[in-house]
Amino acid sequence: MVEKKHTAAFTCTHCGNKAPMLIVAEYSHIKNHDDEESGMSWEAGPYWEVLECLSCNSVLFRKGYWHDLLTDECGPEYEILYPNGPQVIRGLPQQISKSYEAAQRVKTIDSNAFAVLLGRVLDLVCIDKNAVGDDLFQRLEDIAKKGIMPQQLADMAHALRHLRNIGAHANLGELTPAEVPILEGLSKAILEYVYSAPALVQLVQSKIDALKAKKP
Ligand SMILES: [Zn+2]
């Protein structure tokens, strides 16, 4: 039987679990180098590994650089090529950013939990924008009325709210990994409109002001 190879423990960029991972494929450009003058020879070069996280069964791809003389017993530093970590949305208030990251961590594990946690992000957006109303539906409508997001985007938020309800209540059905890109797209569109776009406008304005101030 071929013995299975594992990595040292590190944090999975899909699920956030820290544990050794299974090495399912390797490709190496490590080559032998001879230095005639010193009579020394060593092996060095980059190599790539396809890994499987044993917690979420997702696949990762990473690159390392090996050098016989320079790499210590802890092994080389690795660059994760896939996935490149959770997408960061610019301009999010701290609490919303924390909740969005928490949602991202369950994305590949449980589509229903992902929808529920994104619903929590929507709740926080409503609190942050002082929306009024008895439930999330009314609060989203209030945000649209105040012009914080256009009606079209509020409709998207309602779609997300609807999916959140399915995720939260087993009697309404169940979400599958097929719904994850929809949930992802809806939440990203809302957060970017409400937070990233104003943050970007502010950044551009401050650069323009700085340029103007420099002019004689
Ligand atoms: Zn994982």
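Residues numbered from 1 in each chain as written. Predicted model: local features only at pLDDT ≥ 70, side-chain atom pairs only at ≥ 80, totals over all residues. Heavy atoms only, no water.

Engineer: Looking at this model, I keep getting lost on the overall build of the chain. Mind explaining?
Structural biologist: In terms of regular secondary structure, the chain is built from five helices and seven strands. Reading the chain from its N end, one meets helices and strands in the order β-β-β-β-β-β-β-α-α-α-α-α. Rg of the C-alpha trace for the chain: 24 Å, well past the compact-globule value of 17 Å for 216 residues, more than 25% over. Considered along the principal axes of its C-alpha atoms, the chain spans approximately 75 × 70 × 20 Å. A sequence separation of at least 24 residues applies to 47% of the contacts in the chain between residues at least 6 apart. Summed over all atoms, the accessible surface of the chain reaches about 13700 Å², with 55% contributed by carbon and sulfur. Of the charged side chains in the chain, 22 are positive and 28 negative; the average position of the first set lies 12 Å away from that of the second. (Helix = DSSP H or I, 4+ residues; strand = E, 2+ residues; numbered from the N terminus. Rg over C-alpha atoms; globule rule 2.2 N^0.38 Å. Contact = heavy atoms within 4.5 Å. Areas by Shrake-Rupley, 256 points an atom, 1.4 Å probe, with all protein chains shown as cover. Lys, Arg positive; Asp, Glu negative; His and termini not counted. Charge placed at Lys NZ, Arg CZ, Asp CG, Glu CD.)

Engineer: Help me out: how do you make sense of the pairing of strand β4 (residues 31–35) in this one?
Structural biologist: Residues in a regular strand point their side chains to alternate faces of the sheet. Examined bridge by bridge, β4 and strand β5 (residues 40–52) share five bridges and lie antiparallel to one another. Residue pairing for β5: Lys 31 is matched across the bridge by Ala 44. In this structure, the hairpin formed by β4 and β5 is closed by a connection of four residues, where Gly 39 is found at a positive phi of approximately 75 degrees. (Pairing = 2+ DSSP bridges.)

Engineer: Would you mind going over the packing of helix α2 (residues 111–128) against helix α3 (residues 136–145) with me for this structure?
Structural biologist: To describe two helices that pack against each other, one gives the angle between their axes and the distance between the axes. Two elements in contact, α2 and α3, have axes whose closest approach is 10 Å; the angle formed by their N-to-C orientations is 50 degrees. Between α2 and α3, the interaxial angle falls into the category oblique. In this structure, α2 meets α3 at a crossing whose hand is left-handed. Facing Leu 122, Asp 123, Val 125 and Cys 126 of α2, the residues of α3 in contact are Leu 136, Arg 139, Leu 140 and Ile 143. Of the residues that constitute the contact of α2 with α3, the class distribution is six nonpolar, no polar and two charged. (Axes fitted to C-alpha atoms, helices over the stretch in contact; angles between N-to-C directions. Parallel < 35°, antiparallel > 145°, perpendicular 65-115°, else oblique. Left-handed = near helix turned anticlockwise from the far one by under 90°. Nonpolar A, V, L, I, M, F, W, Y, C, P; charged D, E, K, R; others polar.)

Engineer: Quick question: what am I supposed to make of the domain arrangement of the chain here?
Structural biologist: Interface size is often expressed as the accessible area that is lost when the parts come together. Domain annotation of the chain identifies domain 1 (10–82) and domain 2 (94–213). Placing the centre of domain 1 and that of domain 2 at their C-alpha centroids yields a distance of 38 Å. Here domain 1 is connected to domain 2 by zero salt bridges. On the surface where domain 1 and domain 2 come into contact, there are zero residue pairs in polar contact (both at pLDDT 80 or more). Within the side of domain 1 that touches domain 2, the residues separate by chemical class into two nonpolar, two polar and no charged. (Domains from an automatic or database assignment. Salt bridge = Lys/Arg side-chain N within 4 Å of Asp/Glu carboxyl O. Polar contact = N/O pair within 3.5 Å; in protein donor to acceptor, adjacent residues only side chain to side chain.)

Engineer: Hey, could you run me through a negative patch on the surface in this one?
Structural biologist: Negative charge collects at one region of the surface, where Asp 34, Asp 35, Glu 36 and Glu 37 lie side by side. Structurally, the position occupied by Glu 36 is in the loop between β4 and β5. (Patch = residues over 30% accessible without salt bridge, like charges linked within 9 Å, V, L, I, M, F, W, Y side chains within 5 Å.)

Engineer: Looking at this model, I keep getting lost on the layout of surface pockets. Mind explaining?
Structural biologist: Over the atoms, a rolled probe matching the size of one water molecule traces out where space is still vacant. Taken as a whole, the second largest pocket holds about 190 Å³ of empty space. In this structure, the second largest pocket is lined by 13 residues; those nearest its centre are Thr 7, Ala 8, Arg 62, Cys 74 and Tyr 78. Among the residues forming the lining of the second largest pocket, the class breakdown is seven nonpolar, three polar and three charged. (1 Å grid on protein atoms, 1.4 Å probe; cavity = no way out; pocket = protein on both sides within 12 Å on 5 of 7 lines; lining within 4 Å. Points joined across faces, edges and corners; volume = space filled by probe spheres on them.)

Engineer: What should I look at first to understand the side chain of Asn 112 in this one?
Structural biologist: Checked against the element boundaries, Asn 112 lands in helix α2. Asn 112 gets classed as buried once you look at its relative accessible area, which sits at 11%. Engagement of the side chain of Asn 112 in a polar contact is seen with the backbone nitrogen of Leu 175, the distance being 2.9 Å. With residues up to four places along the chain from it excluded, the contact list for Asn 112 reads Ile 166, Gly 167, Glu 174 and Leu 175. (Buried < 20%, exposed > 50% of the residue type's maximum accessible area, 1.4 Å probe, protein only.)

Engineer: Before we go on, may I ask you to explain the nonpolar core in this structure?
Structural biologist: Considering soluble globular proteins, one finds that nonpolar side chains tend to be buried as a cluster. Judged by nonpolar contacts, the single largest core of 33 residues is most densely connected at Ile 96, Met 149, Leu 183, Ile 190 and Leu 191. If you list the elements that add at least two residues to this core, you get α1 (94–106), α2, α3, α4 (151–168) and α5 (180–214). Top contributing element to this core by residue count: α2, with eight residues. With near-sequence residues (within four places) excluded, Leu 183 lies in contact with Ser 111, Phe 114, Ala 115, Leu 118, Leu 160, Leu 163 and Leu 175. Membership of the second largest hydrophobic core comes to nine residues, among which are Met 21, Ile 23, Cys 53 and Cys 56. (Core = buried A, V, L, I, M, F, W, Y, C linked by side-chain atoms within 4.5 Å.)

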